[in-house]
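The primary structure of each chain is shown beneath.
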Amino acid sequence: MEKGRIRKVVIAGGGTAGWLAATALTHQFRERLDVVLVESEQIGTVGVGESTVPPIRNFHRFLQIDEQEFLRAVAGTFKLSISFENWRRPGDHFFHPFGITGSSTLVCGFHHFWLDSLRRGMSSELGDYCLETVASRKDQFTLQTTPQVNYAYHLDAGLYARFLRGKAESYGLKRIEGKIREVKQNGESGYIESLVLEDGKVIEGDLFIDCTGFRGLLIEQTLKSGYEDWNQWLPCDRAVAVQTESLGPPGPYTRAIAHEAGWRWNIPLQHRVGTGWVFSSRHMSDDEARARLLKDAVAPPIKDPWLVPFRSGRRLKAWNKNVVSLGLASGFIEPLESTSIHLGMSAIVRLVELFPFDGIPPALVDVFNETSRIEMEHVRDFIILHYHANQRDEPMWKACREMELPDSLSIRLRAWRERAHAWQGANELFRVDSWTHVMLGQGIVPAQHHPLSETLGDDDMRKFLSSLRQRIDQTVTGMPSQQAFIEQYCKAPPEVWGARKPLVSA
Ligand SMILES: Cc1cc2nc3c(=O)[nH]c(=O)nc-3n(C[C@H](O)[C@H](O)[C@H](O)COP(=O)(O)OP(=O)(O)OC[C@H]3O[C@@H](n4cnc5c(N)ncnc54)[C@H](O)[C@@H]3O)c2cc1C
């Protein structure tokens, strides 16, 4: 290695994070970098992570990934929203849609007008003014609306890794199969110099990307970078996952269904459904979670359930010395709003932007780490909101309702409760619409709205609201079902996912 120069990058781990990093680095830098990826089939991947958020489309555009090719390769479906069921209390339901709701002025968000309309006795739901919510209610989807819907994907994680691998290898990536036995450091600087595999092979590099999942083999087990645990706010610390057959056409949304000690996800793909039981180990045993998951699954499983313990929190230094951690190795916020793949993509973009060709400048490392911290804390606050604002009776939910919140979230909730004020800071993933839908969906009704809404008289308010609804209803009426749209746009051929047989008969 020429002193300080970065030419050889070693990616440790071939889960979603590893293959995303491999694709991005090889696509962007081609022959300027020599990139290798080491993964161990024996260890395998976490096997979950199949629901995404809309910025995935920007990331794919950045890598010139064709949408139809991608969706056929991963048997993907579209996601317009998340359906939250039983969160405020059993029987309750709301959608958190990805789209814009109603029409806002520069200073007065649409929700102020809507809140004012309720006060005047005009009844409707906030979701009536959002194309993505109304289409979700009817299981409809198309890309041919004006404006176009805002959407993300559901994807098969194993197929996605395979798809990305094909891309990265076509750009020159070298893949090495093997289990890392030892990580060698420089005696003085502590920088990583090489990875030693079980078969004795030594892989040297200038920069190492730790994508070894929760193990954090380089960033934590070797460099001891530290971890900030968020369990005091996010009580769930385990999941049992299973894949089942599909019994009907896929809905264009992820389902998140609360139960007494956590929640259950349901992610419909073209060929199967991914489902899982997220729970707090202080409030439910592994055996009970597994039994409840299988009991609630409406279709026969096609794979045995597997347990995934996790710790919500963040790596204190996501980039430490010559190791950049990505994906689960850099931290994890429980999967409620499907943000982990997005946070990995965002960190990869940051790494490409700051790439240290001529050596690792501490200032850029600080920028990387500080941006990662702010980004994760924003997502953390949004997820805590879902747990905190509930009216359920069970011990876990009661504790969440009574917990002390991070200051950043407390301020947001006060501003909302007092004046219906919501905002989106620079680079924050969740927009004002996301905050308003979830705060209202979880039952936090503000004491006041912005007085500017009162400039509309009753007749004008009625006309304003009904014209918005009419436009949405007309648009949705012309949309095909998601199933029909997939058939013509991106149907995965059966050889993509193979003939799957259920493990047990229904
Ligand atoms: C319950 C649950 C649900 C989730 N749902 C979502 C979701 O809906 N949406 C979302 O965006 N994210 C979700 N996530 C997060 C998502 O799964 C991860 O962000 C994503 O899969 C990336 O994982 P990874 O690549 O970091 O780790 P992994 O998939 O664990 O990959 C680690 C890699 O490192 C390799 N490795 C480890 N040790 C060694 C070694 N010694 N030698 C060689 N190789 C090694 C492994 O073989 C593997 O290839 C979820 C996570 C959990 C726990």
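Residues numbered from 1 in each chain as written. Predicted model: local features only at pLDDT ≥ 70, side-chain atom pairs only at ≥ 80, totals over all residues. Heavy atoms only, no water.

As annotated in an unreviewed UniProt entry, the chain is Tryptophan 7-halogenase from Lysobacter stagni.

(A) Representation of helix α14 (residues 482–489). Taken together, the buried positions of α14 are occupied by Q482, F485, I486 and Y489. Around the axis of α14, the buried residues are gathered within 100° of arc, so they sit on the same side. Looking at the buried positions of α14, the neighbouring elements they touch are α3 (67–74) and β3 (77–79). (Buried < 20%, exposed > 50% of the residue type's maximum accessible area, 1.4 Å probe, protein only. Helix = DSSP H or I, 4+ residues; strand = E, 2+ residues; numbered from the N terminus. Arc of directions from axis to C-beta. Contact = heavy atoms within 4.5 Å.)

(B) Molecular detail of the packing of aromatic side chains. Counting across every chain of the model gives 32 aromatic pairs. For the ring pair F59 and F62, a centre distance of 6.0 Å and an interplane angle of 55° mean the geometry is tilted. Taken as a pair, F59 and F62 lie in helix α2 (residues 56–62) at a separation of three residues, close to a single helical turn. Relative accessible area serves as the criterion here: at 4%, F59 is assigned to the buried category. Accessibility expressed as a relative area gives 28% for F62, which makes it partly exposed. Residues W319 and F368 carry aromatic rings whose centres are separated by 5.4 Å and whose planes lie at 85° to one another, so their mutual orientation is edge-to-face. Here the residue W319 occupies a position in strand β19 (residues 319–320), and F368 occupies one in helix α9 (residues 362–388), the gap between them amounting to 49 residues. Taking relative accessible area as the criterion, W319 reaches 1% and is therefore assigned buried. (Phe/Tyr/Trp six-rings, centres within 6.5 Å; stacked < 30°, edge-to-face > 60°.)

(C) Examining the site of the ligand more closely. Taken together, 33 residues lie around the ligand, and S51, I180, L328, S340 and I341 are the ones closest in. Between the ligand and G15 there is a distance of 3.4 Å, counted from an oxygen atom to a backbone nitrogen or oxygen. Between the ligand and L328, the relevant distance is 2.9 Å, taken from an oxygen atom to a main-chain nitrogen or oxygen of the residue. Compared with its free state, where it exposes 1,000 Å², the ligand has 97% of that area covered by protein. Of all the secondary-structure elements, those providing two or more residues to the shell around the ligand are α1 (16–29) and α8 (340–353). Two domains each provide a minimum of three residues to the shell around the ligand, namely domain 1 (8–50 + 156–229 + 315–377) and domain 2 (238–309). (Near = heavy atom within 4 Å. Polar contact = N/O pair within 3.5 Å; in protein donor to acceptor, adjacent residues only side chain to side chain. Areas by Shrake-Rupley, 256 points an atom, 1.4 Å probe, with all protein chains shown as cover. Domains from an automatic or database assignment.)

(D) Expanded view of the sheet that holds strand β12 (residues 227–229). Reading across from one edge, β12-β18-β21 is the order of the three strands in this open sheet, with antiparallel pairing throughout. The open sheet has two edge strands, β12 and β21 (331–332), and neither has a second partner. Of the strand pairs in this sheet, β12 and strand β18 (residues 313–315) are connected by three bridges, and their pairing is antiparallel. Looking at β18, one finds that D229 is bridged to G313. Its contacts with the sheet place α9 against β12, β18 and β21, and it is angled at close to 175° to β18. (Pairing = 2+ DSSP bridges. Axes fitted to C-alpha atoms, helices over the stretch in contact; angles between N-to-C directions.)

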